[in-house]
Amino acid sequence: MRKIKAGILGASGYTGSDLLRFLLPHPFVEIAFLTADKHAGKRISDVFPHLSGLCDLELSPLEPKALPEDLDVVFLALPHGTSAKVVGELYDRDIKIIDLGADFRLSHEVYTVWYGDHPHPGLIPEAIYGIPEINRERLKTAKLVANPGCYPTSVILGLLPLAWEQLLEPGLVIVD
C-alpha cells in the first residue's frame, strides 16, 4: 500500500509537534513537508533534538502556493485566522485539508463573536466536523475537515448516546 504523503503547517507549535509525534510511527503515513515560520530553514530535529534520525526535514516558511504538488493531505496547526487564509489558498487544489484550529469548527456567527471577521466565510459550510462517530462516511470523502477540540469532543461523545435515544430535552443540557 502506498503511504499517504502528509504536510504539517505549523509543525513547531504545540499542536503541530504533537501531531508529528503521532504520525511519525504510522505505517501508512509519510511526513513529506513541514512549515514553521519562526524556525524556517532549520531542520525539525534541530528544533526538537529528540526527533534526530526520526525526522530531519527542513522547516519551510508558510507559503501555501509553495506546497509540494504531491501531498495527499495537509494538516493546519496554525493560529485562528491564519488557517482560514491558508484554506482559501489551498481549497481548489487536489488535497485533503484538516484544520486543527477553530476556523472551520464554528458557524460564521459564532466565529465572528469570538474571533472577528472570518477571511473565507463561504468555506465554513464546506467543512465536515471531524468526529467519526457522527460523520464517518462524510469524512472519507471530505475535502476540508474541521477537527474538533478535546473539550467539545469529550462533551459530544458523552452526550451522543443520550441524543441518539432522544433522551435530551432542548435547552436542558448546558456545558460551560
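Description of the structure in this document. (Residues numbered from 1 in each chain as written. Predicted model: local features only at pLDDT ≥ 70, side-chain atom pairs only at ≥ 80, totals over all residues. Heavy atoms only, no water.)

1. Describing the sheet that holds strand S4 (residues 73–76)
Read across the sheet, seven strands follow the order S3-S2-S1-S4-S5-S7-S6 without closing on themselves; strand pairing throughout is parallel. Edge positions in the sheet fall to strand S3 (59–60) and strand S6 (128–129), since each has one partner strand and no second. In this structure, strand S1 (residues 4–9) lies alongside S4, joined through four bridges in parallel fashion. From the neighbouring strand, Gly 7 faces S4, where its bridge partner is Val 74. (Pairing = 2+ DSSP bridges. Helix = DSSP H or I, 4+ residues; strand = E, 2+ residues; numbered from the N terminus.)

2. A closer look at the nonpolar core
Formed by 24 residues in total, the largest nonpolar core has its most connected members in Ile 8, Leu 20, Leu 23, Ile 31, Leu 34, Ile 44 and Phe 75. Among the secondary structure elements, those contributing two or more residues to this core are S1, helix H1 (14–23), strand S2 (29–35) and S4. (Core = buried A, V, L, I, M, F, W, Y, C linked by side-chain atoms within 4.5 Å. Buried < 20%, exposed > 50% of the residue type's maximum accessible area, 1.4 Å probe, protein only.)

3. Digging into the pattern of salt bridges
In the structure shown here, the tally under the stated rule is six salt bridges. Asp 70 is the salt-bridge partner of Lys 5, the closest N and O atoms lying 2.5 Å from each other. Placement of the pair is Lys 5 in strand S1 and Asp 70 in the loop between S3 and S4, with a sequence separation of 65 residues. Overall, Asp 70 belongs to the partly exposed group, its relative accessible area being 40%. In this structure, Lys 65 engages Glu 89 in a salt bridge whose closest nitrogen and oxygen atoms are separated by 3.3 Å. You can see Lys 65 sitting in the loop between S3 and S4 and its partner Glu 89 sitting in helix H3 (residues 82–90), a full 24 residues away along the chain. Here Lys 65 falls in the exposed class, since its relative accessible area comes to 68%. (Salt bridge = Lys/Arg side-chain N within 4 Å of Asp/Glu carboxyl O.)

4. A look at the environment of Gly 13
Along the polypeptide, Gly 13 turns up in the loop between S1 and H1. The exposure class assigned to Gly 13 is partly exposed, which follows from its relative accessible area of 32%. A C-alpha to C-alpha distance of 9.7 Å links Gly 13 and Lys 38, two positions 25 residues apart in sequence.

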